[in-house]
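# Examination of the molecular architecture
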Amino acid sequence: MNAKKELAALELKAFTAVFEDGLWDVYLGLMLLGMGVSILLDDLGYWLSEYWILIFSPLLILPILLKKWITVPRMGVVKFGSKRRYRVLLTVVLFFFIFLAGLTLYRSPDRPFYILDVPITRSAFIWFHSTLLIFCIAAFLLNFNRLYLYSILFALPYPFRMIMKQAPGWSVASSSLFFISAAIIMVIGLRLLRQFLRKYSRRATAVLLSEVNGGIE
Amino acid sequence: MVASNERKQENPQAAAAIDRIIHEPARYMIMAYLYVVESADFIFLLNQTGFTRGNLSSHIARLEESGYVEVIKEFVAKKPHTMLQLTRKGREAFEEYRKSLQQMLDGLPK
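Treat the numbers as computed from the prediction; the structure is a model and nothing was measured.

What counts and how
- Residues numbered from 1 in each chain as written.
- Chains lettered and ligands numbered in written order.
- Predicted model: local features only at pLDDT ≥ 70, side-chain atom pairs only at ≥ 80, totals over all residues.
- Heavy atoms only, no water.
- Helix = DSSP H or I, 4+ residues; strand = E, 2+ residues; numbered from the N terminus.
- Buried < 20%, exposed > 50% of the residue type's maximum accessible area, 1.4 Å probe, protein only.
- Contact = heavy atoms within 4.5 Å.
- Expected span 1.5 Å × (residues − 1).
- Polar contact = N/O pair within 3.5 Å; in protein donor to acceptor, adjacent residues only side chain to side chain.
- Salt bridge = Lys/Arg side-chain N within 4 Å of Asp/Glu carboxyl O.
- Buried area = accessible area lost by both parts, 1.4 Å probe.
- Nonpolar A, V, L, I, M, F, W, Y, C, P; charged D, E, K, R; others polar.
- Pairing = 2+ DSSP bridges.
- Patch = residues over 30% accessible without salt bridge, like charges linked within 9 Å, V, L, I, M, F, W, Y side chains within 5 Å.
- Areas by Shrake-Rupley, 256 points an atom, 1.4 Å probe, with all protein chains shown as cover.
- Axes fitted to C-alpha atoms, helices over the stretch in contact; angles between N-to-C directions.
- pLDDT = per-residue confidence, 0-100.

Further remarks concern the overall build of chain B. Of regular secondary structure, chain B possesses six helices and three strands. Listed N to C, the secondary structure of chain B is α-α-α-β-α-α-β-β-α in terms of helices and strands. Among the 110 residues that make up chain B, the fraction classed as buried is 45%. Pairs at least 24 apart in sequence give 58% of the contacts found in chain B among residues at least 6 apart.

To continue, consider helix α3 (residues 25-36) of chain B. Residue and element names in this part refer to chain B. Counted at 1.5 Å a residue, the expected span for α3 with its 12 residues is 16 Å, and the 17 Å between its end C-alpha atoms agrees. Among the 12 residues that make up α3, nine are buried, leaving the element largely enclosed by the rest of the structure. Measuring from the backbone nitrogen of A26 back to the side-chain oxygen at the start of α3 gives 2.9 Å, which picks out E24 as the cap.

With that out of the way, let us pick up the pattern of salt bridges. Think of it this way: side chains of opposite charge can pair up when their charged atoms draw near. Residues and elements named next belong to chain A. As enumerated under the stated definition, the model contains six salt bridges over all chains in all. For D21, the salt bridge identified is with K67, shortest N-O distance 2.8 Å. Taken as a pair, D21 in the loop between α1 (3-16) and α2 (23-43) and K67 in helix α4 (residues 61-75) lie far apart in primary sequence, 46 residues in all. Judged on exposure class, the residue D21 and its partner K67 are both buried.

Next up on the list: the interface of chain A and chain B. Tallying the contact residues gives 26 residues for chain A and 26 residues for chain B. With both sides pooled, the region where chain A packs onto chain B buries about 2,500 Å², and carbon together with sulfur makes up 61% of that total. Put simply, chain A and chain B have one salt bridge between them. Between B:E38 and A:R85 there is a salt bridge, and its shortest N-O distance comes to 2.8 Å. Where chain A packs against chain B, one counts eight residue pairs in polar contact (both at pLDDT 80 or more). Contributing elements (two or more residues each) for the side of chain A that touches chain B: α1, α4, β1 (78-80) and α11 (202-215) of chain A. No other element matches the seven residues that α1(A) contributes to the side of chain A that touches chain B. Here the side of chain A that touches chain B is built from residues that sort into 14 nonpolar, four polar and eight charged. Alignment of β1(A) against strand β1 (residues 37-41) of chain B, held across three bridges, turns out to be antiparallel.

This part is about a nonpolar patch on the surface. On the surface, A:L89, A:V93, A:F96, A:F97 and A:L100 cluster together into a nonpolar patch covering about 470 Å² of accessible area. Mapping A:F96 onto the fold places it in helix α5 (residues 82-107).

Glancing now at the pairing of strand β2 (residues 69-76) of chain B. Residues and elements named next belong to chain B. With eight bridges joining them, β2 and strand β3 (residues 79-86) adopt antiparallel strand pairing. Within β3, the position partnered with E70 by the bridge is Q85. Counting the residues that bridge the hairpin from β2 to β3 gives two residues, and of these A77 lies at a positive phi of roughly 50°.

A sheet is described by the order of its strands in space; here four strands give the open sequence β1(A)-β1(B)-β3(B)-β2(B), paired in antiparallel fashion. Every other strand in the sheet has two partners, leaving β1 of chain A together with β2 of chain B as the edge strands with one partner each. Sheet twist, expressed as the average angle between the axes of neighbouring strands with direction ignored, equals 20°. Packing against the sheet, helix α4 (residues 42-49) of chain B makes contact with β1 of chain A together with β1 and β3 of chain B, and its axis sits at approximately 100° to β1(B).

Turning our eyes to something else, we now look at the pairing of β1(B). It is a general feature of regular strands that their side chains alternate between the two faces of the sheet. Residue and element names in this part refer to chain B. Among the five residues that make up β1, four are buried, leaving the element largely enclosed by the rest of the structure. Pairing analysis gives two bridges linking β1 to β3, with the strands arranged antiparallel. By the bridge assignment for β3, D41 is matched with M83.

Attention now goes to the confidence of the model for chain B. A residue-level look at chain B finds 84% of positions with pLDDT of 70 or above and a mean pLDDT of 83. What the predictor reports for the complex is a pTM of 0.79 with an ipTM of 0.78.

As structure tokens, then:
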């Protein structure tokens, strides 16, 4: 490995350390769980499934706050170079536009027209491929490799639901893959969070911080 | 053949041009981390490098003396916070060090 590659690997190691806490994993798992609960309630006749996006969108700030309270005091602060910041910004913009597009689609008065007129197989096909694509782009831009796995876990539940809904008597079970996928993602995230909390003790870091801030002149 | 001999003659000069401050492995590691990021705080470096607090602190002090690292003291939510970043001189010195080391290694007989 030449020196340039070594430095790139070092930068990558520093950047991917940011995802060691598993907080984004837990959040993504919760998001999928929310979708599953909402769809199940919809199937049972209690709630409209599209509300999950309105409920979960304000919670987007939650992982950012948790990062501030849990990760930063333990792991420390790092500011990355312009190239890395550009890639993060690109991912944020990508997700923002997808969110806006989703919201526009659901809030549109013509919604029944384009939701109901799309054949089930085609909508499942569109969901599967677009979810895979979006998550893979984000995984590539952020070097967040677990997102490749999550792309499959996010892409599968909806087509599965569409197939199951066509089978008589299986309608309520059609949302089950949302719960299974969410559970897998959350278990990974919580495991990572536990490892992170063990690795970086808050008390030790707090003592260190007070010494450091008075120590380096 | 002639070019190879010239290279070998350059080798001791390249070795002499090696920056002794950066040449120490721990300081090289600190410089490398600060080179690939814009800035980082003491805790982050401590976690990433795996050094002890005293060790890291002394090396940073040495790098600061040499003008390679800038220690920025700031307040975040009324608490003191120390950020570290390479100075322009430090960045150039690190690039120069890598170049000199590469030249030296290239000049070694295979």
